[in-house]
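Here is what each chain is made of, one letter per residue.
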Amino acid sequence: MTHHFPTLSEAQKRELHETALRIVSPGKGILAADESVGSMAKRLAQVGVENTEENRRQFRQILFSADDRINGCIGGVIFFHETLYQHTDNGVPFVKMIRDRGIMVGIKVDKGVVPLAGTSGETTTQGLDGLSERCAQYKKDGAVFAKWRCVLKISDVNPSKLGIAENANVLARYSSICQQHGIVPIIEPEILPDGDHDLKRSQYITEKVLSAVYKAMSDHHVYLEGTLLKPNMVTAGHSCPTKYSPEEVAMATITALRRTVPPAVTGVAFLSGGQSEEEASVHLNAINNCPLAKPWILTFSYGRALQASALRAWRGHKENEKAATEQFIKRAEANSLACQGKYTLGDHYGEAGQHIYGSCHAY
């Protein structure tokens, strides 16, 4: 006999659902500023900046100090642990700075990927130990949502049944723990774009992964209305010789979601997956204009696709800070339009069109 012992009160459910809705309000998406120290090292090295805590703080400050134009574009910011406790030059906590603008504060809670023994290079994500206590502390410190990233790869043999099942289970366990503490979990099962697979195979694998994820969510009694999904768009592998139009990407993506993601899920905030800033905006726009019925809010949770131009403009020089902030605002506005299906190709395609793909992206 299947029993369900209720784990959340009606008040807890209401709080989770309302938080999720606020993060993905119409025209709003998520700034993923949760790069680990190692990931920031790679980003900063590309523009010749030393990877110090102060330089990381300075760059995040450039993003967070954008003017009121981003208030209608960004509904949530994902922090890394270090950043959650940092301050502006004037001593204002970053968390207060973001919350005072009505933007929700999120926190990356996973501890990175580790090898899954007995597989062909697959991984699972660690960090469940102590997660309950960390969530309780993060909630006290101002976070109302969290992110956990799992990584899957496409090859002739991957992802395996074990790889899919293990990552789905760990995402569900994380989600359950977050909700116990009034924190909305962002569920991120990223299928990497490495490889030469075509759009059809990418769609097939995305469907298999997402169906396993939502079976696990059901098994773990996760309250779907109090969650957000952060999936990859369905795109061909970066080495695939066939190039697909934004409309084909949109159709494959929405078809995969319609077959696997329950309508109860409050919102879908796509990751950019190494696409150029422009590609990420164009694809998101096409997804929102796809003629199929779409029961979820479809928006963005971008890191590099919101930050790359800003980072190139800054290059570690104080006199470039204002220009860098302007670049970030420009991308935020572009993606705000894209998640409403109102974006047209940017005037500055050259900068924003630069690929930011790095194979086997892990942090």
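Bear in mind that the values here come from a model prediction, so they are computed numbers and not experimental data. (Residues numbered from 1 in each chain as written. Predicted model: local features only at pLDDT ≥ 70, side-chain atom pairs only at ≥ 80, totals over all residues. Heavy atoms only, no water.)

Colleague: Can you help me understand the environment of Ala168 in this one?
Modeller: For Ala168, the location among the structural elements is in helix H7 (residues 161-180). What makes Ala168 buried here is its relative accessible area of 2%. Sequence separation of Ala168 and Val213 is 45 residues, and the distance between their C-alpha atoms is 4.4 Å. (Helix = DSSP H or I, 4+ residues; strand = E, 2+ residues; numbered from the N terminus. Buried < 20%, exposed > 50% of the residue type's maximum accessible area, 1.4 Å probe, protein only.)

Colleague: Before we go on, may I ask you to explain the pattern of salt bridges in this structure?
Modeller: Counted by the stated rule, this structure contains 20 salt bridges. A salt bridge links Glu10 to Lys13; the nearest nitrogen and oxygen atoms lie 3.9 Å apart. Here the residue Glu10 and the residue Lys13 both occupy positions in helix H1 (residues 10-23), the gap between them amounting to 3 residues, near one helical turn. Classification of Lys13 as partly exposed rests on a relative accessible area of 25%. A salt bridge links Glu321 to Lys318; its shortest N-O distance comes to 3.6 Å. What emerges from the salt-bridge pattern is a single network uniting Asp34, Lys147, Arg149, Glu188 and Glu190. (Salt bridge = Lys/Arg side-chain N within 4 Å of Asp/Glu carboxyl O.)

Colleague: How should I be thinking about the sheet that holds strand S1 (residues 29-33) in this particular structure?
Modeller: Paired through backbone hydrogen bonds, the strands of a sheet run either parallel or antiparallel to each other. The strand order around the closed barrel built from 8 strands is S1-S2-S3-S6-S7-S8-S9-S10, with neighbouring strands paired in parallel fashion. The sheet contact formed by strand S7 (residues 184-191) and strand S8 (residues 228-229) spans 2 bridges and is parallel. Following the sheet pairing, Ile186 is matched in S8 by Leu228. (Pairing = 2+ DSSP bridges.)

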